[in-house]
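# Structural overview
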Amino acid sequence: MSDAIRFEDQVVIVTGAGGGLGRAHALLFARQGAKVVVNDLGGSTHGEGANASAADKVVEEIRAFGGTAVANHDSVTDGDKIVQTALDHFGRIDVLVNNAGILRDKSFHKMEDADWDLVYRVHVEGAYKTTHAAWPHLREQNFGRVIFTSSTSGIYGNFGQSNYGMAKLGLYGLTRTLAIEGRKNNILVNAIAPTGATRMTEGLIPPQVFEQLKPELVSPLVVYLGSAACQDTGGLFEVGGGWVGKVRWERSLGAGFDPKAGFSPEDVAAQWQRICDFEGAAHPADNVEALKEMMAHLQKYTL
Ligand code: NAI
């Protein structure tokens, strides 16, 4: 049995916590002793409108079981205001869960600039603004945990979600770099690709499966990633229905061509099978490891 994971005296911001996955994360953090900022603009799944009651209700739920929480109704695109709420009420910020999100699904040929821009703004700019405002405080105290919410639609692609997939994989790119920059200040940064029964996925998942994908079955991973117990950084985890797995990049051993003589498109065609063969594939963990194969190849021709 592992030690209890507790957050006494720690402050957690969960964005988009007025419903769905964010609500479940906020409730679990509060049950584990955290002071929680419940952020939610209270708009529609398409990013329209606003309603303060979404965040307020979750704060009431937390207070009802003796937990500590405060509501914030700003958009994540004004992330500095959300961080300010944490500082004004609790004097610090330890954990940030970037969870707020919307959908504007359309096949690419029907995509309008407004659909592309709004999805980018909420997911990418919103996560950037909130994290950027929290970052100096996390650096200063030499402790922080940041979780980004990616998606299998970003990792694998999904019909009608070019805007959403772009944003969600972008968040993983952000995760990887912040993990590198944050490490020396004990700021660990991870991403999840969740599956949960929420208004966002209602009607998209068959009802008998939908019933089993309770949002509460995603939150234990998020709370673990938000804790001091977690020492992993830069990870991407698929999670849902009580199952958790880690995702990583894989690259084939590739094919080499003489860099001095150059090579033709026909040479590429001739080696295509080898280029795409994942037998014995490499799993580079960083840029240096990623470049090793190419450098070794070059060395063969410079000796
Ligand atoms: P949801 O629609 O139930 O919750 C999203 C919340 O974010 C809503 O309460 C909404 O009011 C809030 N929100 C939207 N725009 C905001 C803004 N500008 N500022 C502040 N709050 C805002 O959806 P769900 O499913 O709980 O989604 C949570 C996150 O998980 C999203 O980032 C979503 O893209 C991601 N996700 C969910 C999956 C699922 O299976 N439910 C699958 C993959 C990713």
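From a predicted model like this one, the values you see are computed outputs, not experimental measurements.

What follows deals with the overall build of the chain. Along the chain, the regular secondary structure elements total eleven helices and eight strands. Expected size for 303 residues packed as a compact globule is a radius of gyration near 19 Å; at 21 Å, the chain falls within 12% of this value. Considered along the principal axes of its C-alpha atoms, the chain spans approximately 70 × 45 × 35 Å. By sequence separation, contacts in the chain at least 24 residues apart represent 68% of the contacts at least 6 residues apart.

Mapped onto this numbering, the UniProt entry gives "domain: Ketoreductase" (unreviewed entry) at residues 10–184. Split by type, residues 10–184 is 51% helix and 14% strand. Its first and last C-alpha atoms lie 20 Å apart.

Take the sheet that holds strand β3 (residues 68–72) next. Each strand in a sheet pairs with another by means of backbone hydrogen bonds, the pair being arranged parallel or else antiparallel. The mixed open sheet is built from eight strands, whose spatial order is β3-β2-β1-β4-β5-β6-β7-β8. If you trace the sheet from one side to the other, it starts and ends with β3 and β8 (243–247), each paired once. Strand after strand, the sheet turns through a mean of 20° between neighbouring axes, direction not considered. Pairing of strand β2 (residues 35–39) with β3, which is carried by five bridges, proceeds in the parallel orientation. Across the sheet, Val38 pairs through a bridge with Ala71, a residue of β3.

Not every one of the 33 residues close to the ligand is listed here, only the nearest: Gly16, Gly20, Ala100, Gly101 and Thr198. Sorting the residues of the shell around the ligand by element identifies α1 (20–31), α4 (113–140) and β6 (187–195) as the ones contributing at least two each. Here the shell around the ligand takes three residues from α1, the largest share from any one element. Here the shell around the ligand is built from residues that sort into nine nonpolar, 22 polar and two charged.

Another point: the nonpolar core. Of all hydrophobic cores here, the largest spans 69 residues; its most connected members are Val12, Ile13, Val14, Ala26, Phe29, Val36 and Val38. Looking at this core element by element, the count peaks at eight residues for helix α6 (residues 162–182). Beyond its immediate chain neighbours, meaning those up to four positions away, Ile13 contacts Val37, Asn39, Ile82, Val83, Ala86, Ile93, Leu96 and Val97.

Here the chain is partitioned into domain 1 (11–247) and domain 2 (249–303). A separation of 37 Å is found between the C-alpha centroids of domain 1 and domain 2.

All right, on to unusual backbone geometry then. A positive phi angle, close to 70°, is found at Asp9, a residue other than glycine. Note on placement: Asp9 falls in the segment before β1 (11–14). Backbone geometry at Asn142 places phi at a positive 55°, although glycine is not the residue there. By the secondary structure assignment, Asn142 is in the loop between α4 and β5 (144–149). Residue Asn142 is classed as exposed on the basis of its C-beta count, with 10 C-beta atoms lying within 10 Å.

Helix length check: helix α3 (residues 79–90) (twelve residues) gives 17 Å between terminal C-alpha atoms against 16 Å at 1.5 Å per residue, within 8%. The inward-facing, buried residues of α3 contact β1, β2, β3 and α4. With its phi angle positive at about 80°, Gly91 sits one or two positions after the end of α3.

Conventions and cut-offs
Residues numbered from 1 in each chain as written. Predicted model: local features only at pLDDT ≥ 70, side-chain atom pairs only at ≥ 80, totals over all residues. Helix = DSSP H or I, 4+ residues; strand = E, 2+ residues; numbered from the N terminus. Rg over C-alpha atoms; globule rule 2.2 N^0.38 Å. Contact = placed C-beta atoms within 7 Å. UniProt positions renumbered as here; feature names shortened; annotations may be inferred. Pairing = 2+ DSSP bridges. Axes fitted to C-alpha atoms, helices over the stretch in contact; angles between N-to-C directions. Near = placed C-beta within 6 Å. Nonpolar A, V, L, I, M, F, W, Y, C, P; charged D, E, K, R; others polar. Core = buried A, V, L, I, M, F, W, Y, C linked by C-beta atoms within 7 Å. Buried ≥ 20, exposed ≤ 12 C-beta atoms within 10 Å, placed from the backbone. Domains from an automatic or database assignment. Expected span 1.5 Å × (residues − 1).

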